[in-house]
Each structure stands twice: as structure tokens, then as C-alpha cells.
Amino acid sequence: MFDLKKTVAGLIIITGMVGALPACADDGVVRHSEGRFPIASAIEVPAGANTIYLSGMGAPVQDRKADPHNIAAYGDTQAQTFATLQRIQDELKKLGLGMGDVVQMHIYMADDPGLGKLDFDGMMKAYTQFFGTAKQPNLPVRSAVGVAHLANPGWLVEIEVTAVRMPTK
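Residues numbered from 1 in each chain as written. Predicted model: local features only at pLDDT ≥ 70, side-chain atom pairs only at ≥ 80, totals over all residues. Heavy atoms only, no water.

Colleague: Can you explain the overall build of the protein chain? Please cite residues and give values.
Modeller: Within the protein chain, the regular secondary structure consists of three helices and seven strands. In sequence order, the secondary structure elements of the protein chain are arranged as α-β-β-β-β-α-β-α-β-β. Looking at the protein chain alone, contacts between residues at least 24 apart form 71% of all its contacts between residues at least 6 apart. (Helix = DSSP H or I, 4+ residues; strand = E, 2+ residues; numbered from the N terminus. Contact = heavy atoms within 4.5 Å.)

This is the structure:
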């Protein structure tokens, strides 16, 4: 009997096209990736999945002695991104989900006054601790957008995510 998976696997080995095919998780979500940048280029969610939208979140106050309307209360871009992603992780956990269930992410970033520009590298240092790791390899599609200001003047980062929950079998 013809086995498509074995045939495709054989072709991949013969042609060296390992990076050309999408990664399909056991839950049926297909994540397409190109290159080594730690975001998916496209994601296919199968029918029957529930979509969960988390509102935009910023970092919680890290320094309670600092003015909560000042960056000193929240830290730099890397610290704020890490704390925000931890907060998102906690919210997802309450819903029975994890960071591997995130399929889309929007990151809104304001200029770091200390740098005079967006700290994309700082954001990426925190982001890559949650996505594309050996423990959590699932990558979302993602946009990172520079904005003039965020609602809280102490925030440099606000993140919103979309996650999916597959039906139980």
C-alpha cells in the first residue's frame, strides 16, 4: 500500500528539503516557517478549534517604590517584554492553555528614551525565552509595531495574542 508520509519523508532526505515543509503539531495546527527567524510565516488552524483572544497587556509594576506612570517602575524593553509574556503565560494557564497554543501575536513598542529608539533586540531577547525553544518550539505569526505612546506612559511594550484550543477527542 502507498504510504504518503514515508514517500514524502524519503523525498525530504534525498533532496535535503527539510526546511521547506510546514511543521504539523499533533493537534493539527500547521506552522509554516522560513529561515531561522523565530516567528512562523503562516499558520493553518483546523476546523473545530476554539479561538481565544487575549487583550493587550503590559508589564506589571516591578519597582513598587517608583512612580507607576514612569518607566522606572517597569524596567527596560527586555524586562517589560519578559514580564508581559509571563503575565500572558499565566492568563493562558488559567484557561488551560500554554504559550505553545499561541498562533498570533501583536507587539506594540514605544521608543526607549535611554536609547532614543525602539529596543527590538531587547524585545527579542525576552521573546526567544518563550518561543522557539527546545521546551516550547511552537512559533506564532507575529507583528512588532512601533507606536508613539502606549496607554500607560511607563510602558515600552504592550502585547496581545490569539491562541487556539483544539477540541478534546
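Continuing now.
Colleague: So what about the packing of helix H2 (residues 77-94) against helix H3 (residues 120-127)? Which residues, and what values?
Modeller: For the pair H2 and H3, interaxial distance at closest approach is 7 Å and the crossing angle is 35 degrees. Considering the relative orientation of H2 and H3, their crossing is right-handed. Contacts from Thr77, Gln78, Thr81, Phe82 and Leu85 of H2 reach H3 at Gly122, Met123, Lys125, Ala126 and Tyr127. Residue composition of the contact of H2 with H3, grouped by class: five nonpolar, four polar and one charged. (Axes fitted to C-alpha atoms, helices over the stretch in contact; angles between N-to-C directions. Left-handed = near helix turned anticlockwise from the far one by under 90°. Nonpolar A, V, L, I, M, F, W, Y, C, P; charged D, E, K, R; others polar.)

Colleague: Explain the packing of aromatic side chains to me, using residue names and the numbers behind them.
Modeller: The final tally for this structure, using the stated rule, is two aromatic pairs. Relative to Phe130, the ring of Phe82 lies with its centre 5.1 Å away and its plane at 55 degrees, an arrangement referred to as tilted. Of this pair, Phe82 sits in helix H2 while Phe130 is found in the loop between H3 and strand E6 (141-146), placing the two residues 48 residues apart along the sequence. Where Tyr127 meets Phe131, the ring centres are 5.0 Å apart and the plane angle is 20 degrees; that geometry is what we call stacked. Across this residue pair, the class does not change: Tyr127 and Phe131 are buried. A cation sits over an aromatic face here: Arg142 above Tyr127, 4.5 Å from the ring centre. (Phe/Tyr/Trp six-rings, centres within 6.5 Å; stacked < 30°, edge-to-face > 60°. Buried < 20%, exposed > 50% of the residue type's maximum accessible area, 1.4 Å probe, protein only. Lys NZ or Arg CZ within 6 Å of the ring centre and 35° of its normal.)

Colleague: Let's hear about the sheet that holds strand E5 (residues 102-109): which residues, and what values?
Modeller: Spatially, E4-E7-E5-E6 is the arrangement adopted by the four strands of the open sheet, whose pairing is mixed. Unpaired on one side and paired on the other, strand E4 (50-57) and E6 mark the two borders of the sheet. The mean angle between the axes of side-by-side strands here comes to 10 degrees, regardless of whether they run parallel or antiparallel. Examined bridge by bridge, E4 and strand E7 (residues 157-165) share six bridges and lie antiparallel to one another. Within E7, the residue paired with Leu54 across the bridge is Val161. Strand contacts of H2: E4, E5 and E7, with the helix running at about 30 degrees to E7, the strand carrying the most contacts. Contacts from H3 reach E5 and E6, with the element oriented near 150 degrees to E6. (Pairing = 2+ DSSP bridges.)

Colleague: I'd love a proper account of H3, names of residues and values included.
Modeller: Those residues of H3 lying buried are Gly122, Met123, Met124, Ala126 and Tyr127. Where the residues of H3 are buried, they touch H2, E5 and E6.

Colleague: Describe the pattern of salt bridges, listing the residues and the values that go with them.
Modeller: In the structure shown here, the tally under the stated rule is one salt bridge. Of the charged contacts in the structure, one is a salt bridge between Lys94 and Glu91, with a shortest N-O distance of 3.0 Å. With Lys94 and Glu91 both in helix H2, this residue pair falls three residues apart, about one helical turn. Among the residues examined, Glu91 registers a relative accessible area of 29% and is labelled partly exposed. (Salt bridge = Lys/Arg side-chain N within 4 Å of Asp/Glu carboxyl O.)

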